[in-house]
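Structure assessment
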Amino acid sequence: MQEMKIHRGLAWTSLAAAIGLLWTGLAPSGAFASATPLTVSQATGFAVLGHWCGGIQEHVYSLGFAQRTGYPVGEVYLWTTCSTGKGGPGHTYSAWISTTWDLTATLVTYRTLTTTAKYNPTLSVYDVHHNHLYNQANQAYLALAKGFVPAPRVAGLSPSSAPQGSTITITGTAFSGATAVYFGSKAARRFTVNGDTTITAVAPAVRSGTVNVTVTSPRGKSFTNSSDRFTFVLTPRVAGLRPNQGTVDGGTSVTITGVNFTGATAVSFGGLAAKYKVKSDTSIVAVSPPGLDSGVTAYVTVTSRYGTSATGTTTQFTWLD
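Before going into details, it helps to say that this report is about the structure given with it.

Rules behind the numbers
Residues numbered from 1 in each chain as written. Predicted model: local features only at pLDDT ≥ 70, side-chain atom pairs only at ≥ 80, totals over all residues. Heavy atoms only, no water. Helix = DSSP H or I, 4+ residues; strand = E, 2+ residues; numbered from the N terminus. Buried < 20%, exposed > 50% of the residue type's maximum accessible area, 1.4 Å probe, protein only. Contact = heavy atoms within 4.5 Å. Phe/Tyr/Trp six-rings, centres within 6.5 Å; stacked < 30°, edge-to-face > 60°. Lys NZ or Arg CZ within 6 Å of the ring centre and 35° of its normal. Pairing = 2+ DSSP bridges. Axes fitted to C-alpha atoms, helices over the stretch in contact; angles between N-to-C directions. Salt bridge = Lys/Arg side-chain N within 4 Å of Asp/Glu carboxyl O.

Examined against the element boundaries, T100 turns out to sit in strand 4 (residues 91-101). The class for T100 is buried, based on a relative accessible area of 16%. Those residues in contact with T100 that sit more than four places away from it in its chain are Y71, P72, V73, T106, L107, V108 and T109.

Moving on, we come to the packing of aromatic side chains. Scanning all chains against the criterion turns up 13 aromatic pairs. Considering the side-chain rings of F46 and W52, the 6.0 Å spacing of their centres and the 40° angle between planes classify their relative orientation as tilted. When the centroid spacing of 5.6 Å and the interplanar angle of 35° are considered together, the rings of W96 and Y119 count as tilted. You can see W96 sitting in strand 4 and its partner Y119 sitting in the loop between strand 5 (107-112) and strand 6 (124-126), a full 23 residues away along the chain. W96 sits in the buried class, given a relative accessible area of 12%. Seen from the ring of Y182, K221 lies directly overhead, with NZ or CZ sitting 5.5 Å from the centre.

For the rest of this paragraph, the subject is the sheet that holds strand 21 (residues 253-259). Taken in spatial order, the four strands line up as 19-21-25-24 in an open sheet, and their pairing is antiparallel. Edge positions in the sheet fall to strand 19 (237-242) and strand 24 (275-280), since each of these pairs with one other strand and no more. Taken over all neighbouring pairs, the strand axes of this sheet differ in orientation by 25° on average, direction set aside. Strand direction decides the pairing type here: strand 21 and strand 25 (residues 283-287), joined by five bridges, are antiparallel. Residue pairing across strands places S253 opposite V287, the latter belonging to strand 25.

When you line up the elements, A43 lands in helix 2 (residues 42-49). Judged by relative accessible area, A43 falls into the exposed class, the value being 53%. Note: C-alpha distance between A43 and I56 (13 residues apart in sequence) is 9.2 Å.

Moving on, we come to the sheet that holds strand 7 (residues 132-136). With antiparallel pairing, the four strands of this open sheet are ordered in space as 1-8-7-6. Strands with a single pairing partner mark the edges of an open sheet, and in this sheet they are strand 1 (36-37) and strand 6.

Before going further, it helps to spend a moment on the pairing of strand 3 (residues 72-82). Where strand 2 (residues 57-65) lies against strand 3, eight bridges are found, and the strand directions are antiparallel. In the sheet register, G64 faces strand 3, and the bridge partner there is V73. The loop that links strand 2 with its antiparallel partner strand 3 comprises six residues; one of these, G70, has a positive phi angle of about 80°. Judged from the 10 bridges that link them, strand 3 and strand 4 form a sheet pairing that is antiparallel. The residue of strand 4 that forms the bridge with V76 is I97.

With that settled, the discussion passes to the pattern of salt bridges. In this structure the tally under the stated criterion is two salt bridges. For R207, the salt bridge goes to D281, with nearest N and O atoms at 2.9 Å. With R207 in the loop between strand 15 (198-202) and strand 16 (209-217) and D281 in the loop between strand 24 and strand 25, this pair connects stretches of sequence that are 74 residues apart.

This is the structure in structure tokens:
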């Protein structure tokens, strides 16, 4: 019977080593970049506890890598002790939260737990890329395998709804080296990687609907989530004016280019109504009204039942002598 127990133990050890699922101990020397502690910010701790007395303390325990995204998941014990003002021991506010970080160790999601967490304080696991996640002395650590580069993650959009052709700021992580930005299945023809956490992209030609915005890099494509949802709207958008100046007496014929002009109900030069004709969904010809004075610059806007176009440098018209 004792011999049978030994063989079963060896079989499990061999299986675990073969699939790289579980192993205890620290990462092999030289195989990983330096380990990064997984943490929860003081602001998040305050949002959970509602109190912040001399700082919020935390114990962080990893549970493993999420199956779909490969992100580290864990559970965190938060607490802070506030004085009663009467010389007593004070009152401790505490809570357990369930957490997810991405592979740059940035907190992605958290939620408060109603029961005490169950965790392994000495957990040590590897993912398929040989990234190492482990607990040590009430702290979880993530050590990326040398040469590993995380896939992008989209964390937010500003604005999250706008007409086609609008410039959208995408925030997230691991954007360096991005090769494509997609709005649903439609690629953005123009985008700029401003850094590892920010991209600006021009929304492609889609009239309406809600889609996921994803970023692609050599490491892969960002997973879709509720924070990457973008809605195309039919609000008019003015992209340019030709010419963008005219006589202060009015009467200058101005071609307005943009999108969503079908059904336009008004054209305004700095709040002054103008006569106009809609040529197509992307073109309007308007006659500038008399200006207030020479040298005055105004914004040109187009209004429809879906709203009024936003203003910007490309929508400015100047009255001259």
